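# Summary of structural features
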Amino acid sequence: MNFAEEIIEWYQRNKRDLPWRKTEDPYIIWLSEIIMQQTRVEQGTPYFNRFAEKYPTVELFASASEDEILKLWQGLGYYSRGRNMHQTAQLVMEEHAGYFPKNYDSLIKLKGIGEYTAAAISSFSSNEARAVVDGNVFRLLSRYFGIDTPINTGKGKKLFTDLANELLDKSQAGKFNQAIMEFGSLQCKPKNPDCLSCPLQAACEARKTNRINELPVKIKSLKIRERYFNYIIAQKDGQILINKRGAGDIWENMFDLPLFETEFPSHAHDLIRSEKFISCFGEKVKIRSVSAPVKHILSHQKLHASFIEIESFSDRFLSERSWFYVGQDELEKLAQPKLIFHFFENFHKLNT
DNA sequence: AATCCGGGGGA
DNA sequence: TCCCCAGGATT
């Protein structure tokens, strides 16, 4: 058996029962593919089920507001995916008459759809012969062929994409693509792959040369930025002051609290005497409580957040247009990053 | 080409 | 801790 036959044979016997494999509807496949980007199947599946149930057609998805999409996306991360989906759904309604594209060349033009996702949707929905190259495929091919070209360079991406397209069984592109990813995910795992049970072990170059743990090669240049977030809890008449975040930073268009970011850790008592703080809340502010510092890790940032509950503040000076008061019911409808909704879970428990 | 964009889980 | 996950957009 050749490579394609081996992995397809393996796939038939070992595939998982995933909900989005039961359809050829390009809209539903799109939903699943975007949700699964950089996301484990176990983490993304509940989100897929909720989205597919609430928005069974692209028309219903397009009729939702961005706020609604982000709220349903809450907790999954990489929120630009949700914002891009919202744009794409509306464009599909307007320029594709509500028919979600099935061919690669149309798909690749859509916001949030790159080479991987266009290949996945086109092959799964219409069997177009485009090989998918995701993290699983990079790993499997680099090991099987013993290729140490870094996978996160232009050269590496082209090399592995060309290779995958040569291996592709064009008569059943969709099944081949499912198979190669599933194989990489379950059999050729990143750590401690079970080579003894692997049907490709005899021909695997990494196994022959004992380089399983060194492949694939990836250039790492991750510099983490440390940031200090001082969040203000300001309540009035049972409502709480909320901030809608803007563009150009993390969590775009999502909701958090009035934020005073400092370059270094700062004490609440110093913060409330700062010029900027006073210009917002006045000079007579008292501190009711200060939370223990909370660490929150993002892919490129390490946030140190503290939550400062204030009283006796004046909001005559509230110059920030993005701040507004909401009650409990409204708050629960707002899309919040995990750091924030996790804080509120504890905060409400304390206040009830 | 390099950097940014979340959050979770395994070792 | 470090690495990786059904990646893509921006600079």
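Residues numbered from 1 in each chain as written. Chains lettered and ligands numbered in written order. Predicted model: local features only at pLDDT ≥ 70, side-chain atom pairs only at ≥ 80, totals over all residues. Heavy atoms only, no water.

### Things to note about helix 5 (residues 66-73)
What helix 5 keeps buried is the set Ile69, Leu70, Leu72 and Trp73. Down the axis, helix 5 shows its buried residues gathered within 160° of arc, on one side only. Of the surrounding elements, those touching the buried residues of helix 5 are helix 2 (26-36), helix 3 (41-54), helix 4 (58-63) and helix 6 (80-95). (Buried < 20%, exposed > 50% of the residue type's maximum accessible area, 1.4 Å probe, protein only. Helix = DSSP H or I, 4+ residues; strand = E, 2+ residues; numbered from the N terminus. Arc of directions from axis to C-beta. Contact = heavy atoms within 4.5 Å.)

### Considering the side chain of Gln74
Mapped onto the elements, Gln74 comes out in the loop between helix 5 and helix 6. Within the structure, the side chain of Gln74 is placed 2.9 Å from the backbone nitrogen of Gln336, a separation counted as a polar contact. If we ignore the near neighbours within four places in the chain, the residues touching Gln74 are Tyr47, Tyr79, Leu334, Ala335, Gln336 and Phe341. (Polar contact = N/O pair within 3.5 Å; in protein donor to acceptor, adjacent residues only side chain to side chain.)

### A look at the environment of Glu66
One can find Glu66 in helix 5. Setting aside anything within four residues of it in sequence, one finds Glu66 in contact with Arg83, His86 and Asn253.

### Thoughts on the packing of aromatic side chains
Applying the stated rule across the entire model yields 27 aromatic pairs. Taking 3.9 Å as the distance between ring centres and 10° as the angle between the ring planes, the aromatic pair formed by Phe307 and Phe343 counts as stacked. Placement of the pair is Phe307 in strand 7 (residues 301-311) and Phe343 in helix 16 (residues 338-350), with a sequence separation of 36 residues. Residue Phe307 shares its accessibility class with Phe343, and that shared class is buried. Within the aromatic cluster, the residues linked to one another by ring pairs are Tyr27, Trp30, Phe51, Tyr55, Phe61, Trp73 and Phe100. (Phe/Tyr/Trp six-rings, centres within 6.5 Å; stacked < 30°, edge-to-face > 60°.)

### Things to note about the UniProt feature "domain: HhH-GPD" (unreviewed entry) in chain A
Per the UniProt record, "domain: HhH-GPD" (unreviewed entry) is found at residues 35-186. Counted over residues 35-186, helix gives 66% and strand 0%. Its end C-alpha atoms are 19 Å apart. (UniProt positions renumbered as here; feature names shortened; annotations may be inferred.)

### Section: helix 6
One turn of an α-helix holds 3.6 residues; hence residues three or four places apart share an orientation. Taking 1.5 Å as the rise per residue, helix 6 with 16 residues should run 22 Å; its terminal C-alpha atoms sit 22 Å apart, in good agreement. Arg81, Gly82, Arg83, Asn84, Met85, His86, Thr88, Ala89 and Val92 are the residues of helix 6 that are buried. Against helix 2, helix 4 and helix 5 lie the buried residues of helix 6. Looking one or two places after helix 6, you find Ala97, whose phi comes out positive at around 55°. (Expected span 1.5 Å × (residues − 1).)

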